[in-house]
Amino acid sequence: MLEQNKALSMIRRHAWLIAFFSIGLLSSSIILAYTLTPVYRSEGRLLVEQGEISSDIVATTVRGFTEERIEIVRQRVMSNEHIEGIIEDNALYLDTPLSPREKNRLFSDRASVIVEQLEDGTMSFIVAFDDEDPVRATKVAARLMDLFQEENVKSRTESAITTAEFLENEAARLSVDIADFEDRIAEYKEKNTGRLPEQERLNMQTLTRMEGELEAVEREIRDLAQRKAVAEADLAQVRAGAVGAEPPPGSPERLRFLKAEYLRMLSMYSSEHPDVRAIQREIDLLDPNGSMLNAAVITEQIRQRTIELAELRQRYSENHPDVISTRRALDRLQQELDAATAENPQGMLATDPESARLLAIISGLDREAAAQRARRAELRERIAVLESRLMDTPQVQREYLSLTRGYEQLQQKYDDIKLKQTQMELAVSVESGQRAGRFTVITRARTPDSPFNPNRPALIFLGILVGVGSGLLVSAMLDVADKTLRDEFDVREAWGAPPVVSVPMIQNQADVRRKYIRISVYTVVIFIMVAGASISVFNSA
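Here's what I pulled together on the structure shown here. In this text the structure is predicted, and so the values were computed from the model without any measurement.

**Considering the overall build of the protein**
Broken down by element type, the protein carries 15 helices and 4 strands. Going through the 541 residues of the protein one by one, you find that 35% of them count as buried. At a minimum sequence separation of 6, the contacts of the protein that also span at least 24 residues come to 78%. A total of about 32,600 Å² of accessible surface is found on the protein, and carbon and sulfur atoms cover 55% of it.

Take a look at the structure:
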């Protein structure tokens, strides 16, 4: 309570001083508010709309946050070309000796873009421009809003066109690469005909068929050899005198007869059969060198090797070493047999019709055997080629798969590029038709009624606060510096007890005169300040 009374006492003592500071600073703020050059702000609001066509149907090339999109368009709008055009069209900064670069910087400082989110969640932004002329500020702000709309459409369209051109060039480049791959694949196929992976199944089927044909040919050759042996035995009997009659021992036809009989017996029995061994012993006595038994022995060896080869083929494949070795041995024996039976036996000339018939049969069998041997050689050659192809197929397949994999990857990329190119062509149509994301005017730029800067009400209110605060502060400082006891509150604060009696101040004429002079000075100064503030307001109006 004491402190409050003391503060009120101080305010009463320094009322004129507080009023002086308050009115003085208030007048100064009024003069400042109305003498500063007013700057007007005209602003309009644009709504950031989404496209009419869903991005799931037509892809867009403009992605990212709304703030980023607005910033990109702002940079395009605030280009030197646009700024210089606006400055020239609206006669800005004609009375200032500024360079074009400084004018552009000053224009950029006075133009502003503020992004805001509306209550429904949609994004919008404010385009504003500050100028001393409210009408000119409105024209410039309206022009900036138009440029934002134009540059938005232009930037989106250019982006779509640039992307479409890039995709077109990329598709052309991939088309050349695909054509190169196709040429390489065609050349590789031509070089490796018969070894390609897709021909492996056909080669296997052909190999199986040819091996079957080869076995049939070999059986036919063996059958022809046996039939020839029988014919030769019949011929020997004919030359001996009659079919079924044996030449007498020691006669020239006896050895030939025994050979033919030996071959005939081998076609029915094995070499271990008693009858076969008996004939073999008699032949050994008549022909110690054994030249007559070569064909018979070779025939028996061929028969045994054929049985062995059939057993091996049941257990192993054609590429097994044992199968290959047995097949080669069989080929050598067949060649030896062909050489042994190719010569016409001594004395095998026809001397009677029956002998001529048998010789004709033998000659026909020889020709047919020769044809079958040629067919066998052809089949073996073709089988060797097919086996070589099948052995080369895995390596060819690896290289072929590498080529086709690269080709498929390029083809997939090409298809993707063509699909995107089609989408970009649609996007260009959508963007140029302004059916994609666009800026729509919500509030057009209007001519402002009051200046944006300086803020006159705020400046005047600030002058009142500073004036009152300054008066109170100076009054407090004077009271602190003055140690005079003026009232009972000062006495109580100095001695801690109230005064016994209080004598009021008695003013003489000199005191009254000084008081009036002080009041007059304050009044004159305040009047001058108020008059200056009024003149500033009047001139501004």
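There is more to say, and it comes next.
**Looking at the pairing of strand β1 (residues 40–49)**
The side chains of a regular strand alternate, first on one face of the sheet and then on the other. For β1, the buried fraction is high: 7 of the 10 residues fall into the buried class. Relative to strand β3 (residues 123–131), β1 runs antiparallel, the two being bridged by 8 bridges. By the bridge assignment, G44 is partnered in β3 with V127. Taken together, the 5 bridges between β1 and strand β4 (residues 438–443) define a ladder with antiparallel strand orientation. Within β4, the residue paired with L46 across the bridge is V441.

**Quick notes on unusual backbone geometry**
The residue A91 is not glycine, and still its phi comes out positive at about 50 degrees. The residue A91 is located in the loop between α4 (80–89) and α5 (100–110) in this model.

**With respect to α4**
Inspection of α4 places H82, I83, I86 and I87 among the buried residues, and these make up the whole buried set. Considered in projection along α4, the buried side chains sweep an arc of 130 degrees and stay on one side of the axis. Facing away from the buried side of α4 by more than 90 degrees, the exposed set consists of E81, E88 and D89. On its buried face, α4 is in contact with α3 (66–77), α5 and α6 (134–191). Backbone geometry just after α4 places A91 at a positive phi near 50 degrees.

**Describing the packing of aromatic side chains**
Per the counting criterion, the structure on display carries 3 aromatic pairs. Residues F107 and F129 carry aromatic rings whose centres are separated by 4.9 Å and whose planes lie at 35 degrees to one another, so their mutual orientation is tilted. Residue F107 is located in helix α5, and its partner F129 is located in strand β3; the two are separated by 22 residues in the primary sequence. We note that F107, like F129, is buried. Judged by centre distance (5.1 Å) and plane angle (75 degrees), the rings of F125 and F439 are edge-to-face. With F125 in strand β3 and F439 in strand β4, the pair connects residues that are 314 residues apart, well separated along the chain. Residues F125 and F439 agree in their burial class; the two are buried. Each member of the aromatic cluster is reached from another via a ring pair, and the members are F125, F148 and F439.

**Points about the pairing of β3**
The element β3 is largely enclosed, with a buried count of 9 among its 9 residues. What you see with β3 is no split at all: M123, F125, V127, F129 and D131 on one side and S124, I126, A128 and D130 on the other are buried throughout. Across 7 bridges, strand β2 (residues 111–117) lies against β3 in antiparallel orientation. Bridge pairing links V113 to V127 in β3. Remark: 5 residues form the turn of the hairpin made by β2 and β3, two consecutive strands paired antiparallel; G121 in that turn has positive phi of roughly 95 degrees.

Parameters and conventions
The numbering scheme is per chain: residues are counted from 1 as the chain's sequence reads. Local features in this predicted model are restricted to residues of pLDDT 70 or higher, and side-chain atom pairs are both shown and tallied only at a pLDDT of 80 or more, whereas totals for entire chains, interfaces and linings draw on every residue. Side-chain figures throughout are based on the complete set of non-hydrogen atoms in the structure, without hydrogens or water. Going along the chain from the N terminus, every DSSP run of H or I of four or more residues is numbered as a helix, and every run of E of two or more is numbered as a strand. Burial classification: accessible surface area is computed with a 1.4 Å probe over protein chains only, and a residue below 20% of its type maximum counts as buried, one above 50% as exposed, and the rest as partly exposed. In this analysis, two residues are considered to be in contact whenever any of their non-hydrogen atoms come within 4.5 Å of each other. A 1.4 Å probe and the Shrake-Rupley method give the accessible areas. Residues count as covered only by the protein chains that appear here. By the convention used here, strands pair only if DSSP detects at least 2 bridges between them. What the arc covers is the set of directions going from the helix axis to the C-beta atoms. Stacked, edge-to-face and tilted are the three classes for Phe, Tyr and Trp ring pairs, Trp counted by its six-membered ring, which pair at centre distances within 6.5 Å; planes under 30 degrees apart are stacked, over 60 edge-to-face, the rest tilted.

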